[in-house]
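# Examination of the molecular architecture
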Amino acid sequence: MKHLLSCDGLSRDAATAVLDTADSLKQTLLGREVRKLPTLRGRTVITMFYENSTRTRVSFEIAGKWMSADVVNVSSSGSSVGKGESLRDTALTLAAAGADCVIVRHPASGAVHRLAGWLSHTHTSVVNAGDGTHEHPTQALLDAATLRERLGGLDGRRIAIVGDVLHSRVARSNVHLLTTLGAEVVLVAPPTLLPTGVSGWPVTVSHELDAELSAVDAVMMLRVQAERMHGGFFPSAREYSIAYGLSEARMRLLPDHAVVLHPGPMLRGMEIASVVADSPRAAITDQVRNGVHVRMAVLYHLLAGEEEVA
Amino acid sequence: MTLLKGAVPYGEGDPVDILIEDGFVSEIGTPESDGGEVIDAHGLIALPGFVDLHTHLREPGREDTETIETGSAAAALGGYTAVFAMANTDPVADNPVIVEHVWRRGREVGLVDVHPIGAVTVGLKGERLAELGAMARSDANVRIFSDDGLCVADPLIMRRALEYSRGLDVLIAQHAEEPRLTVGAQAHEGETAARLGLAGWPAAAEESIVARDCLLAGHVGARLHVCHVSTAGTADVLRWAKARGTQVSAEVTPHHLLLDDDRLNTYDPVNKVNPPLRTSSDAKALREALAEGVIDCVATDHAPHAPQDKDCEWSAARPGMLGLQTALSVVVRTMVQPGLLDWRGVARVMSERPAEIAGLPDHGRPIAAGEPANLVLVDPKATWTVNGARLASLAGNTPYEGMELPGVVKATMLRGKLTARDGQAVR
């Protein structure tokens, strides 16, 4: 594995290997006072974020540092990107400067695929930290890690993904990864927030959240971006919240073992009630915690484990 | 005096010799030629020179990607004897000065008749009509008007344009794209775009404008030309409109006949074009509609772009692809080889109908004594491999890179003068 660009096409074996590595890294670090492994000492990892992000960038940075990699953060505003440099030139520059891995978030779907193409003659790995409305594979991996931890496994499990599927890279990555790992996925959203071509996806589609909750093992709430609320995708935040928000009453429809996930940042009261977000069945902080281990595992497989992973 | 020896007109019947004198075909059969040039055309098919209703020559404004000179060479090498240059240059061809410049440069280069298309609205803004009459009466004698690249979306402006065009006996060519349905659109709205996370360009955004404009054209009694039809639904709308007597004509691009949105998986913007590549079933419906005559002709939408405008992320890339030198081969691949068109049909969709639609009296004429010698000789058995860097255009953005395509243009002749021969433009 040279790059991690998408969950589409990621094999079950490759995904499982990353998740298993993340588990063992988590166990290794558990209870340690000094959380630092020497594995990636001397490797240079550059994060390149063309969109604002706190949690993902920080998570990658911590992951790199706990693996002893040299982590450099580049933001589009404080670099020559702001001077109009092309993505290609920026990528070639960072690779030439010695990056072993570039971790990229970009507003254009497919930008990371282009990057991987431009860097194909170099040894530099590319990790997709979110490309437009396409994919966010490490988010799906950390969601899968959290679900494995809570549910014991994903085979035969039923996961509802609720909300703005149309614009969600988290949803796209999860649809691919969760189904690859043997889970059934049901997408729950108003028709305006589902892609027109969703019929080709290996999922079932529902427009009624209440009808789905009693049969799921987990429910993943998606973020509703403010600009969608004014874009005519649904009549009002209130109507959305009434139909698709995870209220306390709705939480009671879930089976006892069912888990609640949210990729963050959350809109409390709109997508998810505070009581639900803070309840024991919510795994939201677990997701963040697992995110670091999953990203450590990804870096390990890309930069140290080329021989081990097919 | 030139003698084309052993060519088969329209690929029908026995080889004949075609004698060309003073820009006209003077005799067909076994004429005597004394002293003139003899071109061995054995095994070649003779067709009337092609006419492209939709070309972007980029001059003025983007001479780094194409000029009237390089675009004319590409046209001649593609078998074209007349091309219509779209108005979305910089500055926009919305006034007599620009259209006359384009027309004059075309004449100076002399490889192909370059007919400027005028803008329908000032600055392509869709707000008020450009001076269509002044452009029509200029030396450029503009016959077609289009805001191509953009849709004349305001129904009242479009109605007025159609209505006004009647008085000048000119043609309005519409780029059919309802802009409210294509805000931020990047790819055909369907399974591929859904998977790739690209904002959708729905078929209905084209079809609804075509339906609206057919109704408006019928209402005001004007002619309408529909640019680059890309969906099966648009073909259905055209079939319906033609059946009820609307004076509507339509073109399809070679790329919409051959390619589909499966090509988008790499995110390589060489496949980005507007309207976008649709599904394989749309492409099939377009091929059938062209064979049936519901779509009248093939037009290239030849759109050169600089490397930096394609060598970038998908959403930042400019839409468009080269087409002049590959059009015939794509038509052979998609229409002739599957038996949808014979060579007589190729002459119809690439020369006769576009010349008729544009009102060109001396192109798309029969290959017969007394007719203007605007001709192309095609080797139907030969193939060639496309290499963008070796095409005559300054830009190299061809989606057919590395593809082996059938049908090779061996010679092009404009009013009896060779403009291209054996892969070289003849100045």
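Residue positions within a chain follow its written sequence, with the count starting from 1. Ligands are numbered from 1 and chains lettered from A, in the order in which they are written. Where totals are concerned, whole chains, interfaces and linings use all residues; where local detail is concerned, this predicted model gives features only for residues with pLDDT of at least 70, and gives and counts side-chain atom pairs only at 80 or more. Each side-chain value is worked out from all heavy atoms of the structure, with water and hydrogens disregarded.

## Looking at the layout of surface pockets
Residues and elements named next belong to chain B. Note the following rule: Here the term cavity refers to a set of points on a 1 Å grid, laid over the protein atoms alone, in which a 1.4 Å probe fits but cannot get out; the term pocket refers to an open set having protein on both sides within 12 Å along at least five of seven lines, with lining residues being those that place an atom within 4 Å of a point. Grid points are joined across faces, edges and corners, and a volume is the space filled by probe spheres set on the points. Residue type decides the class: Asp, Glu, Lys and Arg count as charged, Ala, Val, Leu, Ile, Met, Phe, Trp, Tyr, Cys and Pro as nonpolar, and the leftover types, Gly among them, as polar.
Estimated volume of the second largest pocket: approximately 660 Å³. What lines the second largest pocket is a set of 31 residues, and nearest its centre among them are Asn-88, Asp-148, Gly-149, Leu-150 and Arg-318. Classifying every residue of the lining of the second largest pocket gives twelve nonpolar, eleven polar and eight charged.

## Some remarks on the environment of Ser-393 of chain B
Residues and elements named next belong to chain B. Here is the rule we go by: Where helices and strands are cited, they refer to DSSP runs of H or I of at least four residues and of E of at least two residues respectively, numbered from the N terminus. Contacts were defined at the residue level, with two residues in contact if any of their heavy atoms lie within 4.5 Å.
Along the polypeptide, Ser-393 turns up in the loop between strand 16 (375-385) and strand 17 (404-414). C-alpha of Ser-393 to C-alpha of Ala-291: the two residues are 102 residues apart in sequence and 30 Å apart in space. The contacts of Ser-393, once residues within four sequence positions are left out, are Glu-66, Ala-74, His-302, Leu-322 and Gln-325.

## Looking at the packing of helix 4 (residues 155-168) of chain B against helix 6 (residues 203-220) of chain B
All names here are of chain B. Here is the rule: Interaxial angle, 0 to 180 degrees, is taken between N-to-C directions of lines fitted to C-alpha atoms, where a helix line uses only the stretch in contact. Note on angle classes: values under 35 degrees are labelled roughly parallel, values over 145 roughly antiparallel, values of 65 to 115 roughly perpendicular, and the remainder oblique. Note on convention: the crossing is left-handed when the near helix lies turned anticlockwise from the far helix by less than a right angle, right-handed when the turn is clockwise.
Packing of helix 4 against helix 6 leaves a shortest axis separation of 9 Å and a crossing angle of 40°. Here helix 4 lies oblique to helix 6, going by the angle between them. In terms of crossing hand, the pair formed by helix 4 and helix 6 is right-handed. Across from Pro-155, Met-158, Arg-159, Leu-162, Glu-163 and Arg-166 in helix 4, the residues of helix 6 making contact are Arg-212, Asp-213, Leu-216, Ala-217, His-219 and Val-220.

## Points about helix 12 (residues 284-304) of chain A
All names here are of chain A. Let me state the cut-off plainly: Multiply 1.5 Å by the residue count of a helix minus one, and that product is the helix's expected span. The seven residues ending at a residue and the seven starting there each receive a fitted axis; the angle between those axes is the bend at that residue. Whether a residue is buried, partly exposed or exposed follows from its accessible area with a 1.4 Å probe, protein chains only, as a fraction of its type maximum: under 20%, in between, or over 50%, in that order.
Between its first and last C-alpha atoms helix 12 spans 30 Å; for 21 residues at 1.5 Å apiece the expected length is 30 Å, and the two agree. Along helix 12, the largest kink reaches about 25° and is centred on Asn-290. In terms of residue burial, helix 12 counts as a mostly covered element, since 16 of its 21 residues are buried.

## Section: the domain arrangement of chain B
All names here are of chain B. The criterion, for reference: Annotation comment: domain bounds sourced from an automatic or database domain assignment. Each of two parts loses accessible area, computed with a 1.4 Å probe, when they are put together; buried area is these two losses added. A pair is scored as a salt bridge if a Lys or Arg side-chain nitrogen falls within 4 Å of a carboxyl oxygen belonging to Asp or Glu.
As assigned here, chain B comprises domain 1 (2-45 + 371-381 + 402-425) and domain 2 (49-358). The centre of domain 1, based on its C-alpha atoms, is set 29 Å off from the matching centre of domain 2. Between domain 1 and domain 2, the residue contacts involve 25 residues of the former and 27 residues of the latter. Together domain 1 and domain 2 conceal approximately 2,000 Å² of surface at their shared face, both sides included; 66% is due to carbon and sulfur atoms. The largest share of the area that domain 1 buries against domain 2 comes from Tyr-10, Leu-405 and Pro-406, three residues that together contribute 27% of it. Our enumeration of links across domain 1 and domain 2 arrives at two salt bridges. With a shortest N-O distance of 2.7 Å, Arg-344 and Glu-12 are connected by a salt bridge. Counting residues per element, the ones that place at least two in the side of domain 1 that touches domain 2 are strand 16, strand 17, strand 18 (417-421) and strand 19 (424-425). For the side of domain 1 that touches domain 2, the element with the most residues is strand 17, which contributes eight residues. Across the side of domain 1 that touches domain 2, the residue classes tally to 14 nonpolar, seven polar and four charged.

## Section: the nonpolar core
Applied cut-off: As used here, the term nonpolar core means buried Ala, Val, Leu, Ile, Met, Phe, Trp, Tyr and Cys residues forming a set that is joined through side-chain atoms within 4.5 Å.
Counting 104 residues, the largest nonpolar core has Leu-47 and Met-350 of chain B as the members making the most contacts within it. Looking at which domains feed residues into this core, each of domain 1 (2-45 + 371-381 + 402-425) and domain 2 (49-358) of chain B gives three or more. Excluding its chain neighbours within four sequence positions, the residues that come into contact with Leu-47 of chain B are Tyr-10, Trp-343, Val-346, Ala-347, Ile-367, Asn-374, Leu-375, Val-376 and Val-378 of chain B. Judged by nonpolar contacts, the second largest core, of 89 residues, contains Leu-25, Val-127, Leu-141 and Leu-246 of chain A.

## Topic: empty space enclosed by the protein
One water molecule sets the probe size; rolling that probe over the atoms shows where empty space is left. Residues and elements named next belong to chain B. Scanning all chains against the criterion turns up six cavities of 30 Å³ or more. Here the largest cavity is characterised by a volume of approximately 50 Å³. As for the largest cavity, its lining consists of Leu-57, Arg-58, Glu-59, Pro-60, Ala-85, Met-86, Ala-87, Thr-89, Ala-93, Ile-98, Val-102 and Pro-116. Of the residues that constitute the lining of the largest cavity, the class distribution is nine nonpolar, one polar and two charged.

## Some words on the sheet that holds strand 8 (residues 218-221) of chain A
Residues and elements named next belong to chain A. Under the convention used in this document: One requirement defines pairing of two strands: DSSP has to find at least two bridges between them.
The five strands are arranged 7-6-5-8-9 in an open sheet whose pairing can be described as parallel. The strands lining the two open edges of the sheet, one partner per strand, are strand 7 (204-206) and strand 9 (259-261). Neighbour-to-neighbour, the strand axes of the sheet open up by a mean angle of 20°, direction not taken into account. Looking at chain direction, strand 6 (residues 184-188) and strand 7 are connected through three bridges and run parallel. Within strand 7, the position partnered with Val-186 by the bridge is Thr-204. The strands touched by helix 5 (residues 137-151) are strand 5 (158-162), strand 8 and strand 9; relative to strand 9, the strand with the most contacts, the crossing angle is about 165°.

## Regarding the interface of chain B and chain A
Quick reminder of the rule: Here a polar contact is recorded for every N or O atom pair within 3.5 Å, except that within protein the pair must consist of a potential hydrogen donor and a potential acceptor, and residues adjacent in sequence are included only if both atoms are side-chain atoms.
Listed per partner, the contact involves 18 residues of chain B and 22 residues of chain A. Summed over both sides, the interface between chain B and chain A buries roughly 1,400 Å², with carbon and sulfur atoms accounting for 52% of that surface. The three residues of chain B that bury the most area against chain A are Arg-195, Tyr-267 and Glu-313 of chain B, which together make up 37% of that side's buried surface. The tally of links from chain B across to chain A stands at four salt bridges. Linking Asp-8 of chain A and Arg-195 of chain B is a salt bridge whose minimum nitrogen-to-oxygen distance equals 4.0 Å. Inspection of the region where chain B meets chain A yields eleven residue pairs in polar contact (both at pLDDT 80 or more).

## A short note on the sheet that holds strand 7 (residues 80-85) of chain B
Residue and element names in this part refer to chain B. Pairing is parallel in the open sheet, where three strands are placed in the order 6-7-8. Looking at which strands have only one partner, the edges of the open sheet turn out to be strand 6 (50-55) and strand 8 (113-116). Pairwise comparison of adjacent strand axes, ignoring direction, gives a mean angle of 20° for this sheet. As paired strands, strand 7 and strand 8 are joined by four bridges and run parallel to one another. Considered in strand 8, the bridge of Ala-82 is made with Asp-113. Packed onto the sheet, helix 2 (residues 96-109) meets strand 7 and strand 8 and runs at close to 175° relative to strand 8.

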